[in-house]
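Residues per chain, in single letters:
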Amino acid sequence: MSNETIQRRGLMLVLSSPSGAGKTTLSRRLLQSDPGIVMSVSATTRQPRPNEIDGQDYFFVTPEKFDTMVADGEFLEHAVVFGHKYGTPRTPVMKALEQGKDVLFDIDWQGTQQLKQQVRDDLASVFVVPPSKAELERRLRIRAQDSEEVVRQRMAKASDELSHWAEYDYLLMNDDIQHAMGKLEEILRVERSRRARQPGLAKFVQKLMRED
Ligand code: 5GP
């Protein structure tokens, strides 16, 4: 029996960080380099930025639609971030996990706490640490997609987000993107090998024990 044919359950890989720590770049690169992981596309009530595509970066919805989705239990978790509502649609995540696909989440600490309560065994959480506050601000500014007021708000929120670092399984310093990518791939590799993620392999071992 080859390792690839043995049934496995997907895992939920959460990336959180203050805005500007580079987690969007890390997510994109991981999705490109690893066909076994898919992105969870969140719904949000905030306006799209230039270049953002509805259904790909986010599902951009009205506050009314968002509230209906909450009432209908369509979200695995949801939270207010920077005055806008964000939520993770439940169905695509559950389908991917059942198919043995891993799912990547770019959500904040509030969402991570909610996911942890619901799906503890399926979750691996990573907190991306920026190399400095100055670098964080620089990255927020070169993005230049947000107004000065929004940049200020996001810098203020950075301290709040940073204070939740100890709630995560892994810390990942993003001083150099190549280095951080290597570390992230390593985390994913290790997490995929956990016993709970390989129910098929566990059955295989039990069968092996019965043979003599
Ligand atoms: P942005 O507006 O810059 O795309 O995202 C702002 C913040 O919202 C980021 O910290 C991001 O991780 C978080 N976020 C995005 N989608 C979700 C979601 O579905 N749930 C939660 N809790 N946070 C989210």
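Here the structure is shown first, and the text comes after it.
Overview of the structure. (Residues numbered from 1 in each chain as written. Predicted model: local features only at pLDDT ≥ 70, side-chain atom pairs only at ≥ 80, totals over all residues. Heavy atoms only, no water.)

1. Some remarks on helix 4 (residues 109-119)
Where helix 4 is concerned, the buried positions are Trp109, Gly111, Thr112, Leu115 and Val119. Within helix 4, the buried residues cover an arc of 150° as seen down the axis, which keeps them to one side. Contacts made by the buried residues of helix 4 are with strand 1 (12-16), strand 5 (75-81), helix 3 (90-98), strand 7 (102-106), strand 8 (123-129) and helix 6 (148-162). (Buried < 20%, exposed > 50% of the residue type's maximum accessible area, 1.4 Å probe, protein only. Helix = DSSP H or I, 4+ residues; strand = E, 2+ residues; numbered from the N terminus. Arc of directions from axis to C-beta. Contact = heavy atoms within 4.5 Å.)

2. Things to note about the site of the ligand
If you check the shell around the ligand, you find 17 residues, and the closest are Ser42, Arg46, Tyr58, Tyr86 and Asp106. Between Asp108 and the ligand, the recorded distance is 2.8 Å, taken from a side-chain N or O atom to a nitrogen atom. Coverage of the ligand by the protein chains reaches 94% of its 510 Å² of free accessible surface. In a pocket analysis with a 2 Å cut-off to the grid points, the ligand is assigned to the largest pocket. For the shell around the ligand, the secondary structure elements donating two or more residues are strand 5 and strand 6 (84-89). Across the shell around the ligand, the residue classes break down as 6 nonpolar, 4 polar and 7 charged. (Near = heavy atom within 4 Å. Polar contact = N/O pair within 3.5 Å; in protein donor to acceptor, adjacent residues only side chain to side chain. Areas by Shrake-Rupley, 256 points an atom, 1.4 Å probe, with all protein chains shown as cover. 1 Å grid on protein atoms, 1.4 Å probe; cavity = no way out; pocket = protein on both sides within 12 Å on 5 of 7 lines; lining within 4 Å. Sits in = over half its atoms within 2 Å of the grid points. Nonpolar A, V, L, I, M, F, W, Y, C, P; charged D, E, K, R; others polar.)

3. So, the packing of aromatic side chains
Considering all chains together, one arrives at 4 aromatic pairs under this definition. Between Phe127 and Tyr168, the aromatic rings sit 5.2 Å apart at their centres with planes inclined by 55°, giving tilted as the arrangement. Taken together, the residues Phe127 in strand 8 and Tyr168 in the loop between helix 6 and strand 9 (170-173) connect sequence positions 41 residues apart. Like Phe127, the residue Tyr168 is buried in the burial classification. Cluster of aromatic residues (ring-pair linked, three or more members): Tyr58, Phe60 and Tyr86. Taking NZ or CZ as reference, Lys157 lies 5.5 Å from the ring centre of Phe82, over its face. (Phe/Tyr/Trp six-rings, centres within 6.5 Å; stacked < 30°, edge-to-face > 60°. Lys NZ or Arg CZ within 6 Å of the ring centre and 35° of its normal.)

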